[in-house]
Amino acid sequence: MVIKPMIRNRICMNAHPVGCREYVRRQVEYAKNSGPIDGPKRVLVIGGSTGYGLGSRVVAAFGCRAATVSVAFEKEGSAKRSGTAGWYNTIAFDEFAHKAGLTAISINGDAFSHEIKQQTIEAIREHLGSVDLVVYSVASPVRTDPDSGEMYRSVLKPIGRPFTAKSLDFMKGEISETRLEPADEEEIEATRKVMGGEDWSLWIDALEQAGVFAENATSVAYSYIGSERTRAVYREGTIGKAKDHLERTAEELHGRMVQYGGQAYVSVNKAVVTRSSAVIPVGLYFVLLSDVMQSKGLDEGCIEQCYRLFAQRLYAGKEIPVDDQGRIRIDDWELRDDVQAEVDRRWEIADNDTIHQLADLEEYRKQFLNIHGFGYDNVDYEADVTP
Ligand SMILES: NC(=O)c1ccc[n+]([C@@H]2O[C@H](COP(=O)([O-])OP(=O)(O)OC[C@H]3O[C@@H](n4cnc5c(N)ncnc54)[C@H](O)[C@@H]3O)[C@@H](O)[C@H]2O)c1
């Protein structure tokens, strides 16, 4: 079948198997060409099929030559429908890793469940013995609590008062005003249940209890802060409250783990195009940021951020640099004063007439297509492929 992108409301409904392989191949090349890192050797990535989790897995494997286990929740393709990008990315990753002589185990299922935790522990026991790095990079709209069976749905809403801001539909190139109503207490709590630190903590408990978490192991989970432009809907909104919880979880885990030589951190990463970030309703900020950072030669995607996190923060061979709240920061370039000042300047004058001069929308669309395996010059999109 010939697979062309099907995009509805900033969501791409399908993915291209050959293009996803190309997406992963480029990341693998980047990690290999950036030089070896004296890093972890047995790594578990929870949420390792796309975005920051995939970038982490690629750097662990091809930068550190680590054996990796990934847990992700993806849909397999069928005769009639393509699978999800993460499904194809994982197949491609396993192929590249195995060719390079690296152990790569990929588990597909709900990371929030007890069953998948147990299955992962069994796989670690059998193939790795134990893990010395656990990356937690799950982004999900829903979570079923494994004990109560209750399902929680996360929302992206401001807290306390409505949020109104310019919003960009990057596919159409149209700017409009978006208004979001504030979340109620139930929605704030549900978002914390899904995107806070509860599941990360359950993973570490399970790995420790099973004796497969190495004594001096590290764990890292990803967070975001962002700028003034996104503050009301992101960091001070429902998702920000969940990230506050994730960061408090890092402190708790760290306090416990240092006693046996381990450590837990939150790394605050830069805004990048992923399936999850594409639905955040402040697209104008992301598009302007990407263009400003590119013009300054500072732009990074997941693989560049993950490489820098491993090489210059986690495994630089010295004490890990953290901010006054104990967080690793690789959003440093995004938050540089000159970058933010230029994003602000463009934001003020952005409208339907100026947006095409202020940002390279074509480039942004390409990045969005790339994460679903579309938009590569060296992939034949007219060719028949089996999904
Ligand atoms: N994208 C950004 O701009 C950005 C910036 C800073 C921090 N972060 C953070 O990075 C983390 C990863 O986000 P991303 O943008 O890379 O997202 P993503 O959508 O690309 O990846 C999410 C991963 O979670 C997995 N997943 C989802 N539900 C699951 C489940 N129930 N069980 C198992 N796996 C499941 C998916 O399969 C996928 O591997 C999040 O914590 C996010 O807040 C993202």
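Coordinates for the structure precede this section.
Structure report, in brief. (Residues numbered from 1 in each chain as written. Predicted model: local features only at pLDDT ≥ 70, side-chain atom pairs only at ≥ 80, totals over all residues.)

### Let's talk about the site of the ligand
The condition is simple: Only the C-beta atom matters for this test: placed from the backbone, it must lie within 6 Å of a molecule or strand for the residue to be near it. Each helix is a run of H or I in the DSSP string that is no shorter than four residues. Each strand is a run of E no shorter than two, and both are numbered from the N terminus. Classification convention: Asp, Glu, Lys, Arg as charged; Ala, Val, Leu, Ile, Met, Phe, Trp, Tyr, Cys, Pro as nonpolar; all other residues, Gly among them, as polar.
Taken together, 29 residues are adjacent to the ligand, and G47, G51, A111, S140 and T274 come closest. When residues of the shell around the ligand are assigned to their parent elements, the largest contribution, three residues, is made by helix α2 (residues 51-64). Across the shell around the ligand, the residue classes tally to 12 nonpolar, 14 polar and three charged.

### Some thoughts on the environment of V2
Stated formally: Our exposure labels follow a C-beta count within 10 Å of each residue's own C-beta, placed from the backbone: buried means 20 or more other C-beta atoms, exposed means 12 or fewer, and partly exposed covers the counts in between. Residues are defined as contacting one another if the C-beta atoms placed from their backbone atoms lie within 7 Å.
The topology assignment puts V2 in the segment before β1 (7-8). With 10 C-beta atoms packed within 10 Å, V2 lands in the exposed category. Distance from V2 to V273, taken between C-alpha atoms, is 25 Å for residues 271 residues apart in sequence. Here V2 is in contact with E382 and D384, once residues within four sequence places are set aside.

### Focus: the sheet that holds strand β6 (residues 131-136)
Note the cut-off: Any two strands with at least two DSSP-identified bridges between them are counted as paired. With axes taken as lines fitted to C-alpha atoms, and helix axes fitted only over the stretch in contact, angles between N-to-C directions fall between 0 and 180 degrees.
Read across the open sheet, the seven strands follow the order β5-β4-β3-β6-β11-β12-β13; overall the sheet is parallel. Each of the sheet's edge strands pairs with one partner strand only, and the pair in question is β5 (104-108) and β13 (328-329). Alignment of strand β12 (residues 263-268) against β13, held across two bridges, turns out to be parallel. Pairing of V268 across the sheet is with R329, part of β13. Strands in contact with helix α3 (residues 85-99) are β4 (67-72) and β5; relative to β5, the strand with the most contacts, it is inclined by about 165°.

### A word on the environment of P40
Within the element layout of this structure, P40 appears in the loop between α1 (17-33) and β3 (42-46). Once the C-alpha coordinates of P40 and T178 are considered, the two residues, 138 residues apart in sequence, prove to be 44 Å apart. Not counting chain neighbours up to four residues away, the residues in contact with P40 comprise A60, C64, A66, D132 and L133.

### Thoughts on the packing of α1 against α3
Let me state the cut-off plainly: Each angle gets one of four labels, with under 35 degrees taken as roughly parallel, over 145 as roughly antiparallel, 65 to 115 as roughly perpendicular, and the rest as oblique. Crossing chirality is assigned from the near helix's rotation relative to the far helix, an anticlockwise turn below a right angle marking it left-handed and a clockwise turn marking it right-handed.
Taken N-terminus to C-terminus, the directions of α1 and α3 make an angle of 50°; their axes are 8 Å apart at the nearest point. By the angle between their directions, the pair α1 and α3 is classed as oblique. The handedness of the crossing between α1 and α3 is right-handed. Residue-level inspection shows P17, C20, R21, Y23, V24, R25 and V28 of α1 in contact with α3, the latter providing A85, Y88, N89, A92, F93 and F96.

### Points about unusual backbone geometry
Where the residue is not glycine, phi is negative for most of them; where a peptide bond is considered, it is trans in most cases. Of note, the phi angle at R65 is positive, near 55°, even though the residue is not glycine. In this structure, R65 sits in the loop between α2 and β4. By the C-beta count within 10 Å, which is 15 here, R65 ends up partly exposed.

### A closer look at the pairing of β12
The side chains of a regular strand alternate between both faces of the sheet. In terms of burial, β12 is largely enclosed, as five of its six residues are buried. Sheet topology places strand β11 (residues 213-223) next to β12; six bridges connect them, and they run parallel. Looking across to β12, one finds that T218 is bridged to Q263.

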